[in-house]
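Analysis of the macromolecular model
Below are the chains, spelled out letter by letter.
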Amino acid sequence: MNPVRQKKLLWVLATLAGAVIAVVLVLYAIGQQTDYYYDPTAISAGKAPQDTRIRAGGMVVRGSVQRDTTDPLQVNFKITDFKSTVPVTYHGILPDLFAEGSGVVATGELNGNTFQAKEVLAKHDENYMPPEVAKSLKTEHQARGVDTQRAEFGNQTMKQ
């Protein structure tokens, strides 16, 4: 092979190797930022992975919010999809719109039966519910034969 062709071949191979490395790095980064959503029923059934970052969503069970007396930032509460309930622990400042009976989505890890949240997101107005939570609740109510047009969750009405 003559030297000019050999040089061109090396450039093509180096470019191809660089493109493959770039694609692998992008796919790895996307995989690291992906949080899979699980509702309380899936978590209770053991379908959610342990010690892996996931999102869990549902309605905050009324009367379940307990604050630690020694550490005011430590909060324990339960979330439900009206079929199963999962205990949640969170250390930090809760959003202003966090309330019992309202919808939340928490990001964190499942350790045993308890979901340890690193971030808690609350609904932003009285008609909003995270899409995953709304779908889960709608499916549950349809299975029970409840009219989802008029089913009320906390202080909000679910819309189709």
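Residues numbered from 1 in each chain as written. Predicted model: local features only at pLDDT ≥ 70, side-chain atom pairs only at ≥ 80, totals over all residues. Heavy atoms only, no water.

**A few points about unusual backbone geometry**
- At Asp51, a position not held by glycine, the phi torsion is positive, near 55 degrees.
- Mapping Asp51 onto the fold places it in the loop between helix H2 (40-44) and strand E2 (53-60).
- On the basis of relative accessible area, Asp51 is assigned to the exposed category, the value being 54%.
- Residue Phe82 is not a glycine yet carries a positive backbone phi of 70 degrees.
- For Phe82, the location among the structural elements is in the loop between strand E4 (74-80) and strand E5 (85-91).
- Given a relative accessible area of 32%, Phe82 falls into the partly exposed group. (Helix = DSSP H or I, 4+ residues; strand = E, 2+ residues; numbered from the N terminus. Buried < 20%, exposed > 50% of the residue type's maximum accessible area, 1.4 Å probe, protein only.)

**What to know about a nonpolar patch on the surface**
- Residues Met1, Leu9, Leu13, Leu16, Val20 and Val24 make up a contiguous nonpolar surface patch of roughly 610 Å² in combined accessible area.
- Note that Leu16 resides in helix H1 (residues 3-33).
- On the basis of relative accessible area, Leu16 is assigned to the exposed category, the value being 52%. (Patch = residues over 30% accessible without salt bridge, like charges linked within 9 Å, V, L, I, M, F, W, Y side chains within 5 Å. Areas by Shrake-Rupley, 256 points an atom, 1.4 Å probe, with all protein chains shown as cover. Salt bridge = Lys/Arg side-chain N within 4 Å of Asp/Glu carboxyl O.)

**Focus: helix H3 (residues 131-144)**
- For H3, with 14 residues, the first-to-last C-alpha span of 20 Å sits near the 20 Å given by 1.5 Å per residue.
- Buried residues of H3: Val133, Ala134, Ser136, Leu137, Glu140 and His141, and no others. One face of H3 carries all of its buried residues, which in axial projection span an arc of 165 degrees. In H3, the exposed residues that point more than 90 degrees away from the buried face are Pro131, Lys135 and Ala143. (Expected span 1.5 Å × (residues − 1). Arc of directions from axis to C-beta.)

**Digging into the pairing of strand E7 (residues 114-122)**
- Where E5 and E7 come together, three bridges link them in parallel fashion. Along E7, the bridge assignment pairs Tyr90 with Ala117.
- With eight bridges connecting them, strand E6 (residues 103-111) and E7 associate as antiparallel partners. The residue of E7 that forms the bridge with Thr107 is Glu119. (Pairing = 2+ DSSP bridges.)

**Quick word on the side chain of Asp39**
- Mapping Asp39 onto the fold places it in the loop between strand E1 (36-38) and H2.
- Buried charge without a salt bridge: Asp39, with Lys47 as the nearest opposite-charge side chain at an N-O distance of 7.6 Å.
- A distance of 2.8 Å separates the side chain of Asp39 from the backbone nitrogen of Ala42, its partner in a polar contact.
- Apart from residues lying up to four places away in sequence, Asp39 is in contact with Gly57, Asp81 and Ser136. (Lys, Arg positive; Asp, Glu negative; His and termini not counted. Polar contact = N/O pair within 3.5 Å; in protein donor to acceptor, adjacent residues only side chain to side chain. Contact = heavy atoms within 4.5 Å.)

**Observations concerning the pairing of E4**
- As paired strands, E2 and E4 are joined by two bridges and run antiparallel to one another. Along E4, the bridge assignment pairs Val60 with Ile79.
- Taken together, the two bridges between strand E3 (residues 66-67) and E4 define a ladder with antiparallel strand orientation. When the bridges of E4 are listed, Gln66 appears paired with Asn76.
- Pairing of E4 with E5 involves seven bridges; the strand directions are antiparallel. Residue pairing for E5: Asn76 is matched across the bridge by Thr89.
- A loop of four residues connects E4 with E5, the two strands running antiparallel in sequence, and Phe82 in this loop sits at a positive phi of about 70 degrees.

**Topic: the confidence of the model for the protein chain**
- Confidence in the prediction of the protein chain, expressed as mean pLDDT, is 84, and 86% of residues score 70 or more.
- The model gives residues 148-160 a pLDDT under 50, and that stretch makes 39 contacts with residues more than four places away or in other chains. (pLDDT = per-residue confidence, 0-100.)

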